[in-house]
Amino acid sequence: MQKNLFITLGLIVVTVTGALAKKEPAVPALSTQKQLALVRVNVTGQSYDYFRPWQKKAPFSKRALGAVLSKARVLVTADLVSNQNYVELERAESGEKTAAKVQVIDYEANLALLEPTEKTFLDGITPLEITPDTVVGDRLAAWQLEPTGALLATEGLVTTVQMMPYPIDVGQFLTYRISIPMQYRENSYTVPLVKNNKLAGLLLRYDSRSQLLDAIPAPIITHFLKEAESQNYRGFPSAGFSFFPTRDPELRQFAGEKGKSDGVYVTNVEPNTPAMKAGLEVGDIVTAVANHEIDQNGNYVDPLYGKIEFTNLLTAHAYSGDVVPFRIQRSGKPMELKVTLEHRDAKDYVSPPYNLDQPPAYYVLGGLIFQEAPQRLVYLDHFQSELFPEGNRRVVILSQVLPANSTIGYDDLSYLTVTKVNGKEIKSLGDLAEAVKQPINGFIKIETEEDPKQIELDAAQVAAEAPNLQENYGISSLHRLD
Amino acid sequence: MKRLLILVCIAWLFGSPSYAQQNNPASSPVEPQAPLPAVPAKPSPPVQAVVPVPVPVGPRKPNGPVQKSLVRITATAVEPDYKAPWNAGGIQRGVGAGFVISGNRILTNAHVVANSRYLTVEREGDPNKYPATVQFVANDCDLALITVSAPDFFKNMLPLRFGEIPALESTVSAYGYPIGGERMSVTTGIVSRIDFQLYTHSSIDQHLAIQISAQINPGNSGGPVMQDGKVAGVAFQGYSGDVAQGVAYMIPTPVINRFLKDVSDGHYDKYVDLAISYSKLQNPAQRRFLGLKDDDRGVLVSTVVEAGPSASVLRPGDVLLTIDGHPIASDGNVELDGERADFQEVVERKFKGDSVKLDIWRDKQPTTVKIEFLKTAWPYLVQGHSYDVRPRYLLYGGLLFQPLNLDLLEAYRPTDLRLRHFFEYFILEQLYLQHPDVIVLTNILPDPINTYLAPYRGGIVDEINGKKIRTLDELASAFAETPEHFVIRMIGDGPPLVLDRNKVEAARERIKTRYNVLKEKNLEEQPASKSPQQANNI
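Residues numbered from 1 in each chain as written. Chains lettered and ligands numbered in written order. Predicted model: local features only at pLDDT ≥ 70, side-chain atom pairs only at ≥ 80, totals over all residues. Heavy atoms only, no water.

What about the overall build of chain A?
Reasoning step 1: From N to C terminus, chain A includes 9 helices and 31 strands.
Reasoning step 2: Considering only C-alpha atoms, chain A reaches an extent of 85 × 65 × 40 Å along its principal axes.
Reasoning step 3: Evaluated residue by residue, chain A yields a buried proportion of 56% over its 482 residues.
Reasoning step 4: A sequence separation of at least 24 residues applies to 64% of the contacts in chain A between residues at least 6 apart.
Reasoning step 5: Surface accessibility of chain A: about 20,300 Å² in total, with carbon and sulfur atoms responsible for 50%.
Reasoning step 6: Between the mean site of the 47 positive side-chain charges and the mean site of the 58 negative ones, chain A shows a separation of 4 Å. (Helix = DSSP H or I, 4+ residues; strand = E, 2+ residues; numbered from the N terminus. Buried < 20%, exposed > 50% of the residue type's maximum accessible area, 1.4 Å probe, protein only. Contact = heavy atoms within 4.5 Å. Areas by Shrake-Rupley, 256 points an atom, 1.4 Å probe, with all protein chains shown as cover. Lys, Arg positive; Asp, Glu negative; His and termini not counted. Charge placed at Lys NZ, Arg CZ, Asp CG, Glu CD.)

Next up, the structure:
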């Protein structure tokens, strides 16, 4: 889990002295800035209770910071505002508050833009510009607020720039790793990292033991902001294939590689993805992407960072809809493929990688609760493309049983994969909802992959018992489908 | 969770660290810190004895002189090394108890003598250590019979007799050598519970076991638990103090008697099993759907293991109504000797070659089937511990291939999801049909020919040069062929592992020498040592 820092509220802005009086400080001449480009963000939210999918959990509240950008927008992490009910902005120096709404959110890149309902709320604040050129060796300052509202700035060194997984693990994104001794302040999710009074990154996670901070870097933020300007936010693109290094000369020879021994070996191409549509095949060797040559480990030479994994070319550098040239070798024959990148939506997975701000679908049938398989079914989640190569379906499970007259003897069943209902194959909760309407001689027959393999209910009894079940267990509605 | 407890249990049973001193078999077990308390002096007789006062006597010894039956067993065992399977393995020493029964035999736990290479027994009041040999080991019910060839050993020993299952709350006494010590120790307690329990020695078998509140500790294993002068059970497992206290288990006499009967023909044939899973039939709607009467009778067959005796006799969806004439209740119980017990207890009492008659309900029609217990459902053995066998493996080009089993998992503790899935669902998903051996590339002995192959570690071999590999033998045959390259496909999306045969052949001796590999393969599950009788005659 992500480790977050916390800071408390404060009211006064003071200039920074002493601690930052180093050579080339990351926070120079702060006194020139009248109002810090920081606001407090107070979020109240509720997540859905997966085990009681008809209800939400008790409300939580989070207090964090937001970076004020141009056009009265406030940048925060998606993690802060996901499953939110109410977002409030608070001026650090005056304590003045206003409601805000989430304009755009990208759970995968972990970024969100807020806008205050009161348009003039951010007036007087000089927005942060963004500096995209941070490299290893640069010093960045983490901006937090003291309880008084004064700035707490901590300086750190960028040690690494590389591709790393973000909290929602759908591939890797460019990340800055910064060695920095952050101090705990009550409450903070979104700590901006600043270079020369310009925004260089946003805190992603911090490990207090190793004092290492991972930050969402400016190039990812810029990509997000650029796309947020368009009417229809699509998200970061992906190509949809897996690869393996070609360091092993036997593997290169097996793949029939000729000439320079570079590139990566394609191990899997997922169905209905840009890579498959472009004709990429398992066993191909990808030697260049977007005219950058790829080495045996899958790295290209970036002008800013040096060697970094080529997936950066498909995320930070490219947008959905872009056509990216791939140079490949197929059995030694050089070829060029045009890959039209697309964003892969969470709903396009058999087991969606996240389900935020969305009520979970469920179906209650006489005390049996059916749901679509969540990420927690680890094996299914991990091997979904292998288990369901055709994709385009869901896995429905009997997640739990609420004791009732119709479910006597079934009380201990849980996490069973539903294969058929009344003889019909089940590939989504919608299939199940349809199938239960056609009982066999008055019985609903549910077949499961695991023991007991079959469960039967009396359709009339289920219907008769439904009001009682709802009453007893406080189930507001017996089903919710997509 | 349950498995965790079991592991705690195992460590606790036998070969506690103080006894497991490798390479130092001569070291003595921990000595008690304080000398044994002296026997109180007899009260001096009264001087003026007018009326004869009865001399106070100690409490009656209800179990007789158990010292004359109890033996202390010291076992030196060689534990196979699954990470370097060509080596013999580590040497460990442990102490357990045993007791003399009829026919000059000593009964003890299988885990006391498992993997043993040298056994000695001692008896109370005799300074000699007598070499002993194993006659029969039943790893599935944690019992073993050993004997001593010294002619006079059994002369002054009293064979113990077996009693029945003791009543709940009745008092029992456990005898043995807890936490070492050379003198017999006695603890008492009551019978707390009689139920089916997992026997942790194999970690897959469940049999009747009796929970007692008598303290038993490492060194009690194999010792008798007595009541009214008869053996009520054999102490065998418990929990370490941080899991549960005052919970110890003994193997009850029905399990012991079955073992003794099984070996009476000169070999141990193991338990037989229907190798099915079943579900209770308590739901009225389900009963009506199946066309059953409302009579609380019958259980539903859910899975039939293909490799077991019920394959092609039973099928999922069948309802079992009676077993050998005993009606099966809808919760799976039958009435046996006036007690309710799981219907599989009927099968527990069977032997190899026996059969069982089942009245079943199939497609709303009654029918009768007979199941003969001729073959063992071997896939279960993969999920349990094995003893007294050498690990199977094949080393080729520095790549170590081993079949997946519980011992392998415990040696490597892999976190790989696919490996764990193959192990856990080996039977449930009938994975053994495609992969009788789940062949894992467990380790790589680095050499220039395999320097880039580290990412393949933990993979499961699927095919070589287009041919499916189902067993370790097939893997060996595949490598015995002479193509230019071996293209090894692992299960899943990974890239193929390609080996240049000539390079591997040239490297074989080099790798063997560098890593001191005595033998490049062991394909057969062979006994780890010569038969104990032979060993003793050397």
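What about the overall build of chain B?
Reasoning step 1: Secondary structure summary: chain B contains 11 helices and 28 strands in total.
Reasoning step 2: A total of 538 residues make up chain B; the buried ones form 53% of that total.
Reasoning step 3: For chain B, contacts bridging at least 24 residues in sequence account for 64% of all contacts bridging at least 6.
Reasoning step 4: When the accessible area of chain B is evaluated, it comes to approximately 25,500 Å², of which 52% is carbon and sulfur surface.

Overview of the interface of chain B and chain A
How big an interface is tends to be expressed through the accessible area that disappears when the partners come together.
Reasoning step 1: Each side of the interface is counted separately: chain B has 34 residues, and chain A has 33 residues.
Reasoning step 2: Taken over both partners, the interface formed by chain B and chain A buries close to 2,900 Å², and the fraction arising from carbon and sulfur atoms is 59%.
Reasoning step 3: Summed over the shared surface of chain B and chain A, the result is 3 salt bridges.
Reasoning step 4: Note that R288 of chain B is salt-bridged to D458 of chain A, the shortest N-O span being 3.0 Å.
Reasoning step 5: Between chain B and chain A we count 13 residue pairs in polar contact (both at pLDDT 80 or more) in total.
Reasoning step 6: Contributing elements (two or more residues each) for the side of chain B that touches chain A: β13 (276–280), α4 (284–290), β14 (299–304), α8 (417–424), β26 (485–490) and β27 (497–500) of chain B.
Reasoning step 7: Per element, the largest residue contribution to the side of chain B that touches chain A is 6 residues, and it comes from α4 of chain B.
Reasoning step 8: Among the residues making up the side of chain B that touches chain A, the classes are represented as 15 nonpolar, 12 polar and 7 charged. (Buried area = accessible area lost by both parts, 1.4 Å probe. Salt bridge = Lys/Arg side-chain N within 4 Å of Asp/Glu carboxyl O. Polar contact = N/O pair within 3.5 Å; in protein donor to acceptor, adjacent residues only side chain to side chain. Nonpolar A, V, L, I, M, F, W, Y, C, P; charged D, E, K, R; others polar.)

Structural notes on the pairing of strand β25 (residues 368–372) of chain A
Residue and element names in this part refer to chain A.
Reasoning step 1: Across the 5 residues of β25, 5 count as buried, placing the element largely inside the fold.
Reasoning step 2: Alternating positions in β25 separate into two faces, L368, F370 and E372 on one and I369 and Q371 on the other, with burial throughout.
Reasoning step 3: Relative to β25, strand β24 (residues 362–365) is paired through 4 bridges, and the arrangement is antiparallel. From the neighbouring strand, Y363 faces β25, where its bridge partner is F370. (Pairing = 2+ DSSP bridges.)

Section: helix α9 (residues 459–473) of chain A
All names here are of chain A.
Reasoning step 1: Along its 15 residues, α9 runs 20 Å from first to last C-alpha, staying within 8% of the 21 Å computed at 1.5 Å per residue.
Reasoning step 2: The sharpest bend along α9 comes to roughly 45°, located at A466, with the proline P467 sitting one to four residues further on.
Reasoning step 3: Within α9 the residues assigned to the buried category are A459, V462, E465, A466 and L469.
Reasoning step 4: A distance of 3.0 Å separates the backbone nitrogen of A460 from a side-chain oxygen at the start of α9, and that oxygen is part of D458.
Reasoning step 5: One or two positions beyond α9, positive phi appears at G474, with a value near 65°. (Expected span 1.5 Å × (residues − 1). Bend = angle between axes of the 7 residues up to and from the residue.)

Considerations on helix α3 (residues 253–262) of chain B
Reasoning step 1: Along α3 of chain B, 7 of the 10 residues are buried, which leaves the element largely enclosed by surrounding structure.
Reasoning step 2: Among the residues making up α3 of chain B, those that are buried are T253, V255, I256, R258, F259, L260 and D262 of chain B.

Here's the deal with the environment of A290 of chain A
Reasoning step 1: Relative to the elements of secondary structure, A290 of chain A occurs in the loop between β18 (285–289) and β19 (292–293).
Reasoning step 2: Leave out the neighbours within four places in its chain, and A290 of chain A touches V324 and P325 of chain A.

Considering the pattern of salt bridges
Reasoning step 1: Evaluated as defined, the whole model comprises 51 salt bridges over all chains.
Reasoning step 2: Where D126 of chain B meets R123 of chain B, a salt bridge forms, and the shortest distance between an N and an O atom there is 2.8 Å.
Reasoning step 3: One network of salt bridges, with partners in common, ties together K260, D262, E293 and R327 of chain A.

Comments concerning the sheet that holds strand β7 (residues 111–116) of chain A
Sheets are built from strands that pair by backbone hydrogen bonding, the pairs being arranged parallel or antiparallel.
Residue and element names in this part refer to chain A.
Reasoning step 1: Within the closed barrel, the 6 strands sit side by side as β2-β3-β4-β7-β6-β5. Their pairing is antiparallel. Neighbour to neighbour, the strand axes of the sheet diverge by 40° on average, direction disregarded.
Reasoning step 2: As paired elements, strand β3 (residues 60–69) and strand β4 (residues 73–76) share 3 bridges and run antiparallel to each other. Paired with A67 across the two strands is L75, which belongs to β4. (Axes fitted to C-alpha atoms, helices over the stretch in contact; angles between N-to-C directions.)

Overview of the packing of aromatic side chains
Reasoning step 1: For the coordinates displayed, the defined rule picks out 27 aromatic pairs over all chains.
Reasoning step 2: Ring centres 5.8 Å apart and planes at 65° place the aromatic pair W54 of chain A and Y362 of chain A in the edge-to-face group. In this pair, W54 of chain A sits in the loop between β2 (38–45) and β3 while Y362 of chain A sits in strand β24, placing the two residues 308 residues apart along the sequence. Just as W54 of chain A is buried, Y362 of chain A falls in that class too.
Reasoning step 3: Ring geometry for F479 of chain B against F486 of chain B: centres 5.1 Å apart, planes inclined by 90°, an arrangement best described as edge-to-face. (Phe/Tyr/Trp six-rings, centres within 6.5 Å; stacked < 30°, edge-to-face > 60°.)

Without other data, these values stay purely geometric and don't point to any function.
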